[in-house]
Amino acid sequence: EQDFFTPWPPRNTVDLCGPLFAALRRHQCSSVLDVGAGSGHQAQWLYSRGYAVTALDINPKYHGQRPVFQTEVFDGKIIPFPDKSFDAVLFSFVLHHCKDW
């Protein structure tokens, strides 16, 4: 399926995550937690393909971008869900924003 091929050069972060999305399908994941979702582009992409998606970010301003998916604000330290609440957790393009990792 074309959605899972990564074009080069990538146009956006969704293009860079193609192999991850292929893995979600291969492992039959249906629910995804997107931590550090920003404005929600990856969350929206997953949602539009039938995944149950919850998006979290510590920045309610979405890094200056217009939000495209409902993103909940959290403290960045404690995920506000019990263990095993999701089939997969997406944590992409986040570490460079972390000060003390």
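Overview of the structure. (Residues numbered from 1 in each chain as written. Predicted model: local features only at pLDDT ≥ 70, side-chain atom pairs only at ≥ 80, totals over all residues. Heavy atoms only, no water.)

Of the regular secondary structure elements, the protein chain holds three helices and four strands. Mapped in sequence order, the helices and strands of the protein chain form the string α-α-β-α-β-β-β. Looking at the protein chain as a whole, 37% of its 101 residues qualify as buried. (Helix = DSSP H or I, 4+ residues; strand = E, 2+ residues; numbered from the N terminus. Buried < 20%, exposed > 50% of the residue type's maximum accessible area, 1.4 Å probe, protein only.)

Here we come to the nonpolar core. Counting residues in each nonpolar core, the largest one holds 14 residues, and the members touching the most others are Phe-21, Leu-24, Val-32, Leu-46, Tyr-51 and Val-53. Sorting the residues of this core by element identifies helix H2 (18-26), helix H3 (41-47), strand E2 (52-57) and strand E4 (88-90) as the ones contributing at least two each. The element that contributes the greatest number of residues to this core is H3, accounting for three residues. Not counting chain neighbours up to four residues away, the residues in contact with Val-53 comprise Val-32, Ala-43, Leu-46, Tyr-47 and Phe-69. Val-35, Leu-56, Phe-74 and Phe-86 belong to the second largest nonpolar core, which has five residues in total. (Core = buried A, V, L, I, M, F, W, Y, C linked by side-chain atoms within 4.5 Å. Contact = heavy atoms within 4.5 Å.)

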